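Letter by letter, the chains look like this.
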Amino acid sequence: MITARAAATFDPVARSVATARAFVRDTLQGWGYTDVVDDAVVLTSELVTNAVIHAGTAADVLCLRTEDGVRVEIADHYPEREIPLQPAALDLGSLDSENGRGLLLCAALASRWGVEYSPTRKHVWFQLDLPDRPVGVRSAGPLLPVGLLPVTDERVRVAVVQVDSEGAVAAWNDDAAYLFGHTADQVIGKQLTDFTAWPQTPGTSTGIADALRLSRWEGSYGIRGADGRTIPVYGSHLRVRDPQGEPSTVCLLVRDYERAVLQTPVRAPVSDTAESRKTDPFEVFIGSPAPDDLDGLLQRTVERARDMLDADAAFLLLATDDETELEVRATTGLPSARQRFARVPVEAGTGRYGSARMPAVHEDLDAVPGAVPLLGNTGMRSVVTVPLKVEGRLTGSLGVAAEAAGRYSNEEALRLQFAADRIALAVESARLGELERLRRGSLSFLVEASDLLAGTLDRDQTLALMAQMTVPTLATWCAVYTIADPASDPELSYVLHEDEERIDGLKSLLTRISPPEPVRTPGARVWAAPSEAAHEAALRTSMRSIGIGDAGGLGSTTRTTLATAAAVGGETVVLPLVARNRVIGMLTLGKPSDDHFRQEILELAEDLSRRAALALDNARLYSERTAISQSLQRSLLPPGLPAVPNVEVDVIYRAAGEGNEVGGDFYDVFPIRDGAYGFAIGDVCGTGPEAAAVTGLARHALRLLAREGFAGPAVLERLNAAILDEGTRSRFLTLLYGELWPQEDGSALLKVVCAGHPLPLRLRQDGSVEPAADPQPLLGVMEDLELYEQEFTLEPGDVLLCVTDGVTERREGTRMLGDDGLADVLAHCTGLTAGAVAARILRAVERFAAEPPSDDMAILTMRVPEPQ
């Protein structure tokens, strides 16, 4: 029999879901059906969401009161819906789908439920039966036999103790004196903590001082009697204030075995059927199936908590491993982009999260500003928060908030704490699983990053790798500052954003502000300057665009400025780049507007910064040493080839080894005096820097001795002595040295000394090739040398080819180019210029084998041109 009804229609807007919840809650509370309010609100929220959000139509809600319970009907008006064919089973939806979850909840929570279809209407109803209790009584214990009633002494004594705001005893009644043996005169004015034996370890749970500050508290502890014994008591505390506003706490205490006198009865379950006993309480709250990922589980939790208490917003924070900070992980009804991953301290400090380790009810946040930092400037007035604990350890905090003041009391705190206890273990398990996945991913990331950073010694490439590894994996944008030396200011060296169109605007912004202070302290520190500068620029641009302030700056410039402000408007952190006990730069990471970094991401970024700093410093050292080496090597090469009258001169030089410009082979062509020129081509034993040192000695000594007027043999004999004077550092040297005199008839007179070097080859106009000198002993081996020079004339059209053994000893397997092979190549160079002859010889050497040359090579060609 229906004894009352209430109906309402809600528009297809998101706000209607909260309005429908309030309608059902107010209706059922007005009927006195508070025992089924929570389940009715949860089911209504899901079904109205399906109507106004998923179906996109208005929702009709009808509440019917019966003598045994309440029936709620929700209908939508979806046009042209296909009617399911009977007797097909009702499709409750996929377990992994967001759709259809309302029907799953109906099956889990309702006593009875059903669905009716028409072409333009879907009608879902559920029945919630009242528990078997006397009508009009909110909560009462069952009827028990006398033998099962709690046992008390011949007279129940309730100690009434009042404690002032400082924790001192202000009142002590006669029952307190009887129970504990202390008279009122002996205890008034003393701290209650002097007489209590608190069971929890300080710092790990609610202490007596914390319990006395709560508006309500119940629990067990001990009071030390006058005889020194500890008397277990059960207490109920109530926080009050006197007419002057001074707070105090009234403590009602009974013997612990008489706790039934004070203890709040546990709420009976809505249904005691066999089916309900099989239902997992966690699944009833969170919905079945529970999300298998942490973010989904947390988001579902805050949505259920909001619906359960008919709140405007809800939030869930997870504690860091050391429990010193709480990190926002899920919100609903709040600007989540601004709050996600924001961190607040638990125990102390500005913006701390008060009462994180115990339930707390704030009737009006305007009266206690900052009590819940993440609700600042959100319009929320009343809030209730409860801790999530696993084995006594704080793992998080769950809260719900409303825009109206005074919405919540301790009763809501108990209900929310009950829900938090249901999900705490599941949340912690999911968090640990996510943390393990993050750690594994972090290890893989760091291994790959180390390989990439170790694979280059180029400074610019190292900077690019640093930025590319952080964006977008760790941050939205990245800037790298470098410090050349301790006396230099930081310099912006590289900027990267995940959106390439934002890079120029970001770089322009960062160049206009002072760089971060190069602090060596490890870890990430917040840098507010980019966000503040971007917001100021965006504000000025917006004012100009609406005609406030100076004109100009419209169009693309305005769009770029506003986009840059959004790109860098979130949290920005700076990590020092420290290598070899010196700050060599800073790695700056940023997020877009109102976004925050996760603690795990910052720890990963810190590990990366240490590796990147060492790689960057290695690249710097390598660049410096390479620059020094190349500068020294260039000093060993001739500054240029002189212009010799009527003689073409060309040189091709290749040094073996990466980064080497000079090796063991060398050449030189230089003026000696008017009308006379010296030339040389040599090969020092070995390659690399050691051979290059002897190269420098030989080249400079040749010029000096030749200009002193010594003839070719004398020049080489003195050079031989200089090499031997080097002692153990000396190396033997093959050298072809000659002097050239251009003649008036167009020919050129040459005098050469070939000291152990490959013989020079002379190409005549008829294509014949012949050696132009005889072999003589090499230098750097014997002290007494008897050298002689040989004289010949190059006629017009003749070519003289001088090479080092890197040319003649070019190999492929067992084959070698050799003197004969070189002569064959030269024989086909008739009529070519000196440069073309040198190029053809080099091409023949390179094509002789597939592998690149492994020895130094020098090719010197001189040609007497034919008369025109």
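What this report covers is the structure whose coordinates are included nearby.

What counts, and at which threshold
- Residue indices follow the written sequence of each chain, beginning from 1 at its first position.
- pLDDT decides what is reported in this predicted model: residues at 70 or higher carry local features, side-chain atom pairs at 80 or more are listed and counted, and totals for whole chains, interfaces and linings draw on all residues regardless.
- Calculation of side-chain values draws on the structure's entire complement of heavy atoms; hydrogens and water are dropped beforehand.
- DSSP bridges decide pairing: two strands pair if at least two such bridges lie between them.
- The helix and strand labels rest on DSSP assignments: H or I over at least four residues marks a helix, E over at least two residues marks a strand, and numbering proceeds from the N terminus.
- Stacked, edge-to-face and tilted labels apply to pairs of Phe, Tyr and Trp rings (six-membered ring for Trp) whose centres lie within 6.5 Å, assigned for plane angles under 30 degrees, over 60, and everything in between, in that order.
- Burial here depends on accessible area, computed with a 1.4 Å probe over protein chains only, as a share of the maximum for the residue type. Under 20% is buried, over 50% is exposed, and the range in between is partly exposed.
- Throughout this description, the term charge over a ring refers to an Arg CZ or Lys NZ atom that lies within 6 Å of the ring centre and within 35 degrees of the ring normal.
- Working convention: axes come from line fits to C-alpha atoms, limited for helices to the stretch in contact. Angles between N-to-C directions cover 0 to 180 degrees.
- Contacts are residue-level and defined by heavy atoms, with any inter-residue pair within 4.5 Å sufficient.
- Only buried residues count toward a nonpolar core. Its members are Ala, Val, Leu, Ile, Met, Phe, Trp, Tyr and Cys residues joined through side-chain atoms within 4.5 Å.
- Under the rule applied, a polar contact is a pair of N or O atoms within 3.5 Å (in protein, one hydrogen donor and one hydrogen acceptor; residues adjacent in sequence only if both atoms are side-chain atoms).
- Salt bridge criterion: a side-chain nitrogen from Lys or Arg within 4 Å of a carboxyl oxygen from Asp or Glu.

**Focus on the pairing of strand β11 (residues 247-255)**
Looking along a regular strand, one sees the side chains alternate between the two faces of the sheet. Bridging between strand β6 (residues 159-164) and β11 involves six bridges; their strand directions are antiparallel. Residue pairing for β11: Val161 is matched across the bridge by Cys251. The pairing of strand β10 (residues 230-241) with β11 spans nine bridges and is classified as antiparallel. Looking at the pairing, Ser236 lines up with Leu252 of β11. Here β10 folds back onto β11 in antiparallel fashion, the turn holding five residues, of which Gly245 has a positive phi close to 90°.

**Observations concerning the packing of aromatic side chains**
Two numbers describe a pair of aromatic rings. These are the distance of the centres and the angle of the planes. The full count for this structure, using the stated rule, is six aromatic pairs. The interplanar angle of 50° and the centroid separation of 6.0 Å between the aromatic rings of Trp217 and Tyr221 together place this pair among those described as tilted. The buried category is assigned to Tyr221, whose relative accessible area is 5%. Here a set of aromatic residues connected by ring pairs shows up, and it is made of Trp172, Phe180 and Phe195. In this structure, Arg71 packs its charged tip against the face of Trp125, placed 4.0 Å from the ring centre. The side chain of Arg815 reaches across the aromatic face of Phe848, ending 4.3 Å from its centre.

**Digging into the sheet that holds strand β3 (residues 69-76)**
Read from one edge to the other, the open sheet built from five strands follows the order β1-β2-β3-β5-β4, with strand pairing classed as antiparallel. For this open sheet the edge positions go to β1 (2-10) and β4 (112-118), each flanked by a neighbour on one side alone. With strand direction ignored, the average angle separating the axes of adjacent strands in the sheet is 15°. With eight bridges joining them, β3 and strand β5 (residues 121-129) adopt antiparallel strand pairing. Paired with Gly69 across the strands is Asp129, a residue of β5. Of the strands in this sheet, β1, β2 (59-66) and β3 are in contact with helix α1 (residues 15-30), which crosses β1 at around 165°. Where helix α2 (residues 37-55) meets the sheet, its contacts fall on β1, β2, β3 and β5, and the angle it forms with β5 comes to roughly 175°.

**Describing the environment of Leu109**
Assignment of secondary structure puts Leu109 in helix α3 (residues 101-109). Distance from Leu109 to Val42, taken between C-alpha atoms, is 9.4 Å for residues 67 residues apart in sequence.

**Section: the nonpolar core**
Met466, Leu510, Leu577 and Leu589 are the most contacted members of the largest nonpolar core, which totals 49 residues. The element contributing the most residues to this core is helix α16 (residues 599-636), with nine residues. Contacts of Leu510, omitting those with residues within four sequence positions, involve Trp477, Ala479, Tyr481, Leu492, Val495 and Pro530. Ranked by size, the runner-up nonpolar core spans 34 residues in total, among them Ala20, Phe23, Trp31 and Val124.

**Overview of the side chain of Asn720**
Its place among the elements puts Asn720 in helix α18 (residues 712-724). Within the structure, Asn720 has its side chain in polar contact with the backbone nitrogen of Gly780 (distance 2.6 Å). For Asn720, the residues in contact, after removing those within four places along its chain, are Leu779, Gly780, Val781, Met782, Glu783 and Leu785.

**Concerning the pattern of salt bridges**
Working definition: two side chains of opposite charge can pair if their charged atoms are close together. Within this structure, the stated rule accounts for 35 salt bridges. A salt bridge links Glu624 to Arg620; its shortest N-O distance comes to 3.0 Å. Here Arg620 and Glu624 lie together in helix α16, a separation of four residues that amounts to about one turn. Take Glu624: its relative accessible area is 40%, and that puts it in the partly exposed class. By relative accessible area, Arg620 is classed as partly exposed at 23%. Residues joined by salt bridges that share partners form a network here, namely Arg21, Arg25, Asp38, Arg306, Asp307, Asp310 and Arg415.

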